[in-house]
Amino acid sequence: MAAPLPAPQGADNPDPSFEDLIAARPALRMDAQDGLLMEEVPLARIAREVGTPAWVYSANTLRRRYGALRDALKGAGLSASIHYAAKANDSQAVLRVLAAEGAGADIVSAGELRATLAAGIPAAATVFSGVGKQAHEIAFALAEGIFQLNAESAEEIEMISAIASGMGLEAPMSIRVNPDVDAGTHAKITTGRAENKFGIAFDDAPELYARMAALPGIRPVGIATHIGSQITGGVSAYRAAYGRLAEMVRDLQARGLPVRRVDCGGGLGIPYRDEVPAPPEALAGAIKATLGELGLPVMLEPGRWIAGPAGVLLASVILQKQGTQKQGTGRRFVVLDAAMNDLARPSMYDAWHGILPLSPIAAKAALSPADVVGPVCESGDTFARERPLPMLDPGDLVAFLDAGAYGAVMSSTYNARPLAAEVLVDGNRHAVIRPRQTPEDLLAQQRIPDWLMAAGTAPLAS
Ligand SMILES: *Cc1c(COP(=O)(O)O)cnc(C)c1O
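Cut-offs and rules
Residues numbered from 1 in each chain as written. Predicted model: local features only at pLDDT ≥ 70, side-chain atom pairs only at ≥ 80, totals over all residues. Heavy atoms only, no water. UniProt positions renumbered as here; feature names shortened; annotations may be inferred. Helix = DSSP H or I, 4+ residues; strand = E, 2+ residues; numbered from the N terminus. Contact = heavy atoms within 4.5 Å. Buried < 20%, exposed > 50% of the residue type's maximum accessible area, 1.4 Å probe, protein only. Core = buried A, V, L, I, M, F, W, Y, C linked by side-chain atoms within 4.5 Å. Domains from an automatic or database assignment. Patch = residues over 30% accessible without salt bridge, like charges linked within 9 Å, V, L, I, M, F, W, Y side chains within 5 Å. Areas by Shrake-Rupley, 256 points an atom, 1.4 Å probe, with all protein chains shown as cover. Salt bridge = Lys/Arg side-chain N within 4 Å of Asp/Glu carboxyl O. Pairing = 2+ DSSP bridges.

Naming follows an unreviewed UniProt entry, where the protein appears as Diaminopimelate decarboxylase of Teichococcus oryzae. Recorded under Catalytic activity (unreviewed entry), the UniProt text for the protein is reproduced unchanged: "meso-2,6-diaminopimelate + H(+) = L-lysine + CO2". What UniProt records for the protein under Function (unreviewed entry) is the sentence "Specifically catalyzes the decarboxylation of meso-diaminopimelate (meso-DAP) to L-lysine."

Structure follows, in structure tokens:
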């Protein structure tokens, strides 16, 4: 399958208008008075109350998207469970909203298991994925009664067998198969090619599955795959991968090995710019067409599809810097108080995020191209190039769209920039769900060796 080409920029494919961006996002509305609203709450009000940068999530978008996925799977006649990939957004409030909808979880660390348990998602509805599960993490997951561990190597299977039998338990285990299909997504988030670090090679899987059945402390329950993230090229890559899984299930069953369920992974993409990802009904249809005849329960591990469109990152304009002759006359830099340490996706994956002014006046003003940048000392700290934006004054507010997944979770404190605040909106209510970190918080986490303390401080200059 050919990788989709990056969206060509320019006259043939201009950036979507502010109106189009808003129209495609049901949680957002431009109010003539209050400016951009998320659900019923003016985002400018949140920015005033908590400052910027700030992440804001729409609870009803999380609920609606979880429900749409569940309905699509049910509509296809599948017996399916949804395990939200907590790494996309592991905020307690977000996890609680999804827990209340009945979501299970997909976790990749003990920290995430602590988070999902604390939010009320039972271990019995949680899958543990990842190439490097540590012994203490495996023991913790088993002690909590984890639903399934997805093994990614022969070595890990032996390790889990030893830990589980030492605890007098049986680990419910699935093998993560690498189907060697190209998900057609960004190289850094493609995971189902033979050369990627993930999963067990297709041809090695049956033998390892038999090995699991023979080992103490292990109960083989099925096979799993996850071919990549932000998949937008239709469902052909899914069909190819799931077709191979179906083939493998039949092979295993023919060998007399028990297979109870198939874990279909996550990866369904969302439209950031003008991508047209498959709707959940198409994904459900692809599962039904390939795996349906097996009559086994299936699992899905969506992260981005549920949380991405539910969040925005609010930022303030620090200043507009006009390019000089040498930088290219007419080049305009909009310098924001948000940076790559907050939202890493543009610098990391060349990702495109919609950027909307919050003010109804700015949203209607004449547009001209601007490079949107943060204050971090790296040229990579660029959110957008030649983006049509109105003239912006210091203090003007903008929102980065679709920042609910792989946003706050990937933040760092690079440049000693404290982590931004997070806010949940639910109808006409809103609340801070993580206060902004303070510079004092950053210092308080550090320790100075006593021999350096004893030396005291040198004068600045001698
Ligand atoms: C990251 C991940 C997911 C979620 O991916 P999305 O693209 O956010 O849907 C699901 N399963 C596994 C094993 C993952 O590593």
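> What exactly am I supposed to notice about the UniProt feature "binding site: pyridoxal 5'-phosphate" (unreviewed entry) in the protein here?
The UniProt entry lists Gly267, Glu301, Pro302, Gly303, Arg304 and Tyr406 under the feature "binding site: pyridoxal 5'-phosphate" (unreviewed entry), expressed in the numbering used here. Structurally, Gly303 can be placed in the loop between β13 (298–300) and α11 (304–307). Not counting chain neighbours up to four residues away, the residues in contact with Gly303 comprise Tyr84, Ala85, Ala88 and Gly308. Tracing the sequence through the fold places Arg304 in helix α11. Given the relative accessible area of 4%, Arg304 is considered buried. Here Arg304 is in contact with Ala88, Ile189, Ser229, Gln230, Ile270, Tyr272, Pro309, Arg345, Ala405 and Tyr406, once residues within four sequence places are set aside.

> Please explain the nonpolar core as it appears in this structure.
In globular proteins that are soluble, nonpolar side chains generally tend to be buried together. In terms of nonpolar packing, the biggest core is built from 136 residues, with Leu43, Ile157 and Ile287 touching the most fellow members. At nine residues, helix α9 (residues 236–254) tops the list of elements feeding residues into this core. Mapping this core onto the domain boundaries places at least three of its residues in each of domain 1 (18–58 + 308–444) and domain 2 (59–305). Filtering out sequence-adjacent residues up to four positions away, Leu43 remains in contact with Leu28, Leu36, Leu37, Met38, Val56, Val312, Leu314 and Leu358.

> Quick question: what am I supposed to make of the environment of Pro16 here?
In this structure, Pro16 sits in the segment before α1 (18–23). A sequence separation of 257 residues divides Pro16 from Arg273, and the C-alpha atoms of the two residues are 6.9 Å apart. Every residue in contact with Pro16, bar those within four places of it in the chain, is listed here: Leu21, Arg273 and Trp352.

> What's the story with a nonpolar patch on the surface in this structure? I'm lost.
Side chains of Ile448, Trp451, Leu452 and Met453 sit close together on the surface and give an oily, nonpolar patch of about 500 Å² of accessible area. With respect to the helices and strands, the residue Met453 is situated in helix α15 (residues 450–455).

> What is the right way to look at the pairing of strand β9 (residues 171–178) in this model?
Consecutive residues of a regular strand have side chains that alternate between opposite faces of the sheet. The element β9 is extensively covered by neighbouring structure, given that eight of its eight residues are classed as buried. Side chains Ala171, Met173, Ile175 and Val177 project from β9 onto one buried face, and the interleaved Pro172, Ser174, Arg176 and Asn178 project onto a second face that is buried too. Looking at chain direction, strand β8 (residues 148–151) and β9 are connected through three bridges and run parallel. Counted as the bridge partner of Asn150 is Ser174 from β9. Where β9 lies against strand β11 (residues 218–224), six bridges are found, and the strand directions are parallel. Across the sheet, the residue bridging to Ile175 is Ile223, located in β11.

> Looking at this model, I keep getting lost on the pattern of salt bridges. Mind explaining?
Opposite charge on two side chains permits pairing when their charged atoms draw close. Enumeration according to the criterion identifies 19 salt bridges in this entry. Ionic pairing is found between Asp402 and Arg25, a salt bridge with its closest N-O pair at 2.8 Å. Pair noted here: Asp402 is in the loop between β19 (397–400) and β20 (421–426) and Arg25 is in the loop between α1 and β1 (28–31), with a separation of 377 residues, a long-range link. Since its relative accessible area comes to 3%, Asp402 is described here as buried. A salt bridge links Arg45 to Glu49, with the shortest nitrogen-to-oxygen separation between them at 3.7 Å. Highlighted residues: Arg45 and Glu49, both in helix α2 (residues 43–50), separated by four residues, approximately one helical turn. Note on Arg45: relative accessible area 33%, which makes it partly exposed. A single network of salt bridges, built from pairs that share partners, joins Asp15, Arg273, Asp274 and Arg387.

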